[in-house]
Amino acid sequence: MFLTHQIPRIHSHFFASPKTPKFFLITSALLSNSKSPIPLPPPPPLSHFSTLTPTATATATATPEDQESLQLSLESLFLPPETDVSSLKEAPLTARILKGSNIVLSKFAGHGVDVVNADFVKSSVKTEECPADGAPEFALVGRSNVGKSSLLNSLVRRKRLALTSKKPGKTQCINHFRINDSWYLVDLPGYGFAAAPHEVRTDWAKFTKDYFLNRPTLVSVFLLIDASIPAKKIDLEYASWLGQNEIPMTLVFTKCDKRKKKKNGGKRPEENVRDFQELIRDFFKSTPPWIMTSSVTNQGRDEILLHMSQLRNYWLKH
Ligand code: GDP
């Protein structure tokens, strides 16, 4: 099933919010109409996707079936910078939304999408020790056991690469992986590890926060949230801190293959995703990008890489 069928309903406070001047309910009728009131840029030429696998280019955005029952508000979408919704023409909106996400593709998506090379570079214990070559980077962070190493390995399609960061002594470090000799994936220490002594946990918090606040090449934090369980307080606190400090953030929901509703009233991933967003809505000025993933089925892998490409290419041009 496709996530956008499950887009959260809009809270009543959403209508009242001063930061919400207009509300659009995007129905399939509007979307199939070329005179949609929310025109978007035409898709990047296919050549832009040349490094992505053929399957990925064919499946990364919503299909006509997905459009049928899609109901999205403009404010619930993530519109990348320079996506002018008032003056652009062409392309139905759903054709520009990445599958299983609220992310609209912009003209910046496409260049250098796939991972050709991935190399572990270094482990740092301070922000100042991180690589200084000025290349853009994305930091992966999440609660211990959220599936961060699995996602990292799925992104680079190389099993056990992330184990480098699980080696003794490296779990508390900022671990840099250089991708395609041009940008970095950064593995940050997992938080909320119950067995860690209190002072160690505090230190982790201190140095990761320092990294978020003082790393000029950080394009976006990718905050991983386990979608197979209800929201945890510590995850909400983390998201809240990032929001309040205006650190660019993408929510990556993991383990979305775990679809079975548990007997004891457990919720499906889509429900947990929706609940999480409602819980964090007030922490952000505008809706952050979010995406559903599974390292078992590789759901979301190509979509994350496309999203990273558009954030990165925009960042490089500004
Ligand atoms: P980390 O501690 O955040 O690096 O988490 P790991 O990547 O080591 O994963 C923790 C556990 O969750 C392992 O048992 C993984 O096999 C499992 N896991 C990770 N990702 C997924 C996923 O997408 N789906 C499912 N079903 N299990 C996952």
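All values reported here derive from a predicted model rather than from experimental measurement.

Strand order in the open sheet formed by seven strands is β3-β5-β6-β4-β7-β8-β9, with mixed pairing between adjacent strands. Edge positions in the sheet fall to β3 (118-124) and β9 (290-292), since each has one partner strand and no second. Put simply, the sheet's adjacent strands are angled 25° from each other on average, direction ignored. By the bridge criterion, six bridges tie strand β7 (residues 218-226) to strand β8 (residues 249-254) in an arrangement that is parallel. Looking at β8, one finds that Leu224 is bridged to Val252. This element, helix α7 (residues 233-244), spans β4 (137-142), β7 and β8 of the sheet and lies at about 160° to β7. Contacting β7, β8 and β9, helix α8 (residues 269-280) crosses the sheet at an angle of about 165° to β9.

Applying the stated criterion across every chain yields a total of zero disulfides. With no disulfide of its own, Cys130 lies 9.9 Å from the sulfur of Cys173, the closest cysteine sulfur. For Cys130, a relative accessible area of 6% corresponds to the buried category. Residue class for Cys173 comes out buried when judged on its relative accessible area of 7%.

Residues Tyr211, Phe212, Leu223, Leu242, Leu251 and Phe253 are the most contacted members of the largest nonpolar core, which totals 33 residues. Top element by residues in this core is α7. It accounts for five residues. Discounting chain neighbours no more than four positions away, the residues touching Leu251 are Leu223, Ile225, Phe276, Ile280, Pro289, Trp290 and Ile291. Membership of the second largest hydrophobic core comes to 30 residues, among which are Ala109, Val113, Phe138 and Ile291.

This part is about the environment of Arg215. If you trace the backbone, Arg215 turns up in the loop between α6 (198-214) and β7. Taking C-alpha positions, Arg215 is 8.8 Å from Cys130, a pair spaced 85 residues apart along the chain. Excluding its chain neighbours within four sequence positions, the residues that come into contact with Arg215 are Thr127, Cys130, Pro131, Glu137 and His176.

Under the definition given, this model contains two cavities of 30 Å³ or more. The space that makes up the largest cavity amounts to roughly 50 Å³. Surrounding the largest cavity, Arg143, Ile225, Asp226, Ala227, Ile229, Pro230, Ala231, Lys232, Asp235, Phe253, Asn272 and Phe276 form its lining. The residue inventory of the lining of the largest cavity, partitioned by class, reads seven nonpolar, one polar and four charged. Every residue along the wall of the second largest cavity is listed here: Pro80, Pro81, Ser106, Phe108, Gln310, Leu311 and Tyr314. Looking at the lining of the second largest cavity residue by residue, the class counts come to five nonpolar, two polar and no charged.

Looking now at the confidence of the model for the chain. Across the chain, the average pLDDT comes to 76, with 65% of residues at or above 70. At the low end of the mean pLDDT range in the chain sits helix α1 (residues 12-16), at 26; at the high end sits β8, at 98. Taken together, the stretch residues 1-58 has pLDDT below 50 and engages in 125 contacts with residues farther than four places along the chain or on a different chain. Note that pLDDT drops below 50 for residues 64-70; the model gives that stretch 16 contacts with residues more than four away or on any other chain.

Take α7 next. The terminal C-alpha atoms of α7, which comprises 12 residues, lie 16 Å apart, in line with the 16 Å expected from a rise of 1.5 Å per residue. Listing the buried residues of α7 in full gives Asp235, Leu236, Tyr238, Ala239, Ser240, Trp241, Leu242 and Gly243. Looking one or two residues beyond α7, the residue adopting positive phi is Glu246, at roughly 55°.

The next point concerns the side chain of Asn180. When you line up the elements, Asn180 lands in the loop between β5 (174-179) and β6 (183-187). Taking relative accessible area as the criterion, Asn180 reaches 18% and is therefore assigned buried. In terms of polar contacts, Asn180 uses its side chain to reach the backbone amide nitrogen of Val116, at 2.6 Å. Residues contacting Asn180, with those up to four places away along its chain left out, are Gly112, Asp114, Val115, Val116 and Asn117.

Cut-offs used in this document
Numbers given for residues are sequential positions, taken from 1 along each chain in its written order. In keeping with the model being predicted, local features are shown solely for residues with a pLDDT of at least 70 and side-chain atom pairs are shown and tallied solely at 80 or more, while totals for entire chains, interfaces and linings include all residues. Excluded from the side-chain calculations are hydrogens and water; all other atoms, namely the structure's heavy atoms, are used. Paired strands, in this sense, are two strands between which DSSP finds at least two bridges. Secondary structure elements are taken from DSSP: a helix is a run of H or I of four residues or more, a strand is a run of E of two residues or more, and numbering for both begins at the N terminus. Helix axes use the C-alpha atoms of the stretch in contact, all axes being lines fitted to C-alpha atoms, and the angles between their N-to-C directions lie in the range 0 to 180 degrees. Only heavy atoms enter the contact rule, under which two residues are in contact if any of them lie within 4.5 Å. Two cysteine sulfur atoms form a disulfide, by the criterion used here, when they sit within 2.5 Å. For every residue, the accessible area obtained with a 1.4 Å probe (protein chains only) is divided by the maximum for its type, and the residue is called buried under 20%, exposed over 50%, and partly exposed between those limits. Take the buried Ala, Val, Leu, Ile, Met, Phe, Trp, Tyr and Cys residues and link them wherever side-chain atoms come within 4.5 Å; each set so joined is a nonpolar core. Here a cavity is any set of points on a 1 Å grid over the protein atoms alone where a 1.4 Å probe fits but cannot get out, and a pocket is any open set with protein on both sides within 12 Å along at least 5 of 7 lines; a residue lines the site when it has an atom within 4 Å of a point. Grid points are joined across faces, edges and corners, and a volume is the space filled by probe spheres set on the points. Lys, Arg, Asp and Glu make up the charged group, whereas Ala, Val, Leu, Ile, Met, Phe, Trp, Tyr, Cys and Pro make up the nonpolar group; the residues left over, Gly among them, are polar. The quantity called pLDDT is the predictor's confidence in a given residue, expressed from 0 to 100. Take the residue count of a helix, subtract one, and multiply by 1.5 Å to get its expected span. Nitrogen and oxygen atoms within 3.5 Å of one another constitute a polar contact, given that in protein one can donate a hydrogen and the other can accept it, and given that sequence-neighbouring residues count only through two side-chain atoms.

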